Amino acid sequence: MEDRSQTRRDFMKMMSMGAMAALSLGSLSCTQARVEAFLQKHFREMTEAEKKEAIRRLEETYFRKYGKKFHISTQPADAAVLWGYGLDLSRCIGCRRCVYACVKENNQSRINPQLQWIRVVRLKDGSLINLENTEHYYNPEKVPEPGFQYMPVQCQHCENPPCVRVCPVHATWKEPDGIVVVDYNWCIGCRYCIAACPYKGRVFNWGEPNIPPEELNTEVHYLGNRPRMKNVVEKCTFCIQRVRNGRYPACVEACPTGARKFGNLLDPDSEIRYIIENKRVFRLKEDLNTEPKFYYFFSA
Ligand code: SF4
Ligand code: SF4
């Protein structure tokens, strides 16, 4: 896919230099499709007809690039739902199957750059949680290792997300069901949101993403796991393409010990509500007032 964020950034630079007068569409070395994609509106401002046209264009682009037919959903949030996540630290064995399931489901770049939306942090028994200086590329023969504990961390889908506040072009926002999303076509790659996130929940595509064609997941959401491009930010979306379709996130399904829980915080009968009401839950960096919708607990 073309490097759109770079194009947008160049375009904005030219505007700020007063060079607009010199710019004509005819002078841009773009195909018609590239120009149309470049002039595309912000996802939240598009009409249904404009969304349909953007999806058609994107599906064609993906077909040209990957030789595969993608199905790109724009399914909106359900007003009766607010998603929440639970993580039972007493069950996590540090196997990182969740990491690899997430990579596969969400079309994350495998090498150069290698991007992972989940970090399973390895902590020495008794050490304080330190998200700034942790180890998450450990590779023992067997897990769990004696003397260590494991703590998976990913986007916490904050109710009060600092990443959203700092974005200068409003390319990231919180959806009505609580999922914090990114419009990759609108992101200019400034990385302010990465600096603002206290949980290291976001990653950046420094290079063109690399995914083996046979491993592409073609069932995608516009605001989720559709293939990204160089120079944009990405992160966990609670598997928006799955959960808005009645499925569990990939990491929940992949966890062999049942450490991962997921559900509707507005449903008093949901498992996540039971956990919050009956376990001693905690959230990371509560003092920052970010109000994560990600609850850690110990069941044993
Ligand atoms: S965890 Fe980070 S990326 Fe996710 S919503 Fe909170 S501040 Fe934003
Ligand atoms: S919910 Fe989906 S996107 Fe988020 S960490 Fe789990 S597998 Fe990855």
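The rules behind each value
- Residues numbered from 1 in each chain as written.
- Chains lettered and ligands numbered in written order.
- Predicted model: local features only at pLDDT ≥ 70, side-chain atom pairs only at ≥ 80, totals over all residues.
- Heavy atoms only, no water.
- Near = heavy atom within 4 Å.
- Nonpolar A, V, L, I, M, F, W, Y, C, P; charged D, E, K, R; others polar.
- Helix = DSSP H or I, 4+ residues; strand = E, 2+ residues; numbered from the N terminus.
- Expected span 1.5 Å × (residues − 1).
- Contact = heavy atoms within 4.5 Å.
- Salt bridge = Lys/Arg side-chain N within 4 Å of Asp/Glu carboxyl O.
- Buried < 20%, exposed > 50% of the residue type's maximum accessible area, 1.4 Å probe, protein only.
- 1 Å grid on protein atoms, 1.4 Å probe; cavity = no way out; pocket = protein on both sides within 12 Å on 5 of 7 lines; lining within 4 Å.
- Points joined across faces, edges and corners; volume = space filled by probe spheres on them.
- pLDDT = per-residue confidence, 0-100.
- Polar contact = N/O pair within 3.5 Å; in protein donor to acceptor, adjacent residues only side chain to side chain.
- Pairing = 2+ DSSP bridges.

Participant: What is the right way to look at the site of ligand 2 in this model?
Facilitator: Lining the immediate environment of ligand 2, one finds Cys-102, Asn-106, Trp-117, Ile-118, Gln-154, Cys-236, Thr-237, Phe-238, Cys-239, Pro-249, Ala-250 and Cys-251. A per-class count over the shell around ligand 2 returns nine nonpolar, three polar and no charged.

Participant: Even after reading the chapter, I still don't get the site of ligand 1, so can you show me in this structure?
Facilitator: Close to ligand 1 lie 13 residues, the nearest being Cys-155, Gln-156, Cys-158, Cys-163 and Cys-197. Of the residues contributing to the shell around ligand 1, the split by class is nine nonpolar, two polar and two charged.

Participant: Mind showing me how you'd approach helix 3 (residues 48-66) here?
Facilitator: Because the α-helix completes a turn every 3.6 residues, residues three or four places apart line up on one side. With 19 residues, helix 3 should cover 27 Å at 1.5 Å per step; its first-to-last C-alpha distance of 26 Å lies within 8% of that length. Contacts made by the buried residues of helix 3 are with helix 2 (32-38) and strand 1 (71-73). In the stretch just after helix 3, Gly-67 is the one whose phi turns positive, near 65°.

Participant: Mind showing me how you'd approach the pattern of salt bridges here?
Facilitator: Note that side chains of opposite charge can pair when their charged atoms are close. One pass over the full model with this rule turns up 22 salt bridges. The salt bridge partner of Lys-293 is Glu-159, with a shortest N-O separation of 2.7 Å. Highlighted residues: Lys-293 in the loop between helix 9 (271-278) and strand 11 (294-297) and Glu-159 in the loop between strand 4 (148-153) and helix 5 (162-166), separated in sequence by 134 residues. Glu-159 sits in the partly exposed class, given a relative accessible area of 32%. Among the charged side chains, a network of salt bridges with common partners joins Glu-53, Arg-56 and Glu-60.

Participant: Looking at this model, I keep getting lost on the layout of surface pockets. Mind explaining?
Facilitator: Here the idea is plain: a probe the size of a water molecule rolls over the atoms and shows the empty space left. In this model, the largest pocket occupies a volume close to 280 Å³. Every residue lining the largest pocket is counted, 17 residues in all, and those nearest its centre are Leu-115, Gln-116, Arg-119, Arg-202 and Val-203. By residue class, the composition of the lining of the largest pocket is eight nonpolar, five polar and four charged.

Participant: Just checking my understanding: could you explain the confidence of the model for the chain for this structure?
Facilitator: Predicted coordinates in areas of low pLDDT are best not read in detail. Summary statistics for the chain give a mean pLDDT of 90 and a share of 89% for residues scoring 70 or more. Across residues 17-30, where pLDDT falls below 50, the model places 11 contacts with residues more than four positions away in sequence or in other chains.

Participant: Would you explain empty space enclosed by the protein in this entry?
Facilitator: As enumerated under the stated definition, the model contains five cavities of 30 Å³ or more in all. Quantified by volume, the largest cavity comes out at close to 100 Å³. Forming the walls of the largest cavity are 15 residues, and the residues nearest its centre are Cys-167, Ala-171, Cys-187, Cys-190 and Cys-193. Classifying every residue of the lining of the largest cavity gives 11 nonpolar, two polar and two charged.

Participant: Help me understand the environment of Glu-175, please; the structure alone is not making it clear to me.
Facilitator: Structurally, Glu-175 can be placed in the loop between strand 5 (172-174) and strand 6 (180-182). Spatially, the C-alpha atom of Glu-175 lies 8.7 Å from that of Pro-76, the residues being 99 residues apart in sequence. Excluding its chain neighbours within four sequence positions, the residues that come into contact with Glu-175 are Val-181, Leu-223 and Arg-244. Only 2.7 Å separates the side chain of Glu-175 from the side chain of Trp-173, close enough to count as a polar contact.

Participant: Would you take a moment to explain the pairing of strand 11 for this structure?
Facilitator: Looking along a regular strand, one sees side chains alternate from face to face of the sheet. On strand 11, burial covers both faces: Phe-294 and Tyr-296 on one face and Tyr-295 and Phe-297 on the other are all buried. Pairing geometry for strand 2 (residues 83-88) and strand 11, over four bridges, is parallel. By the bridge assignment, Asp-88 is partnered in strand 11 with Phe-297.

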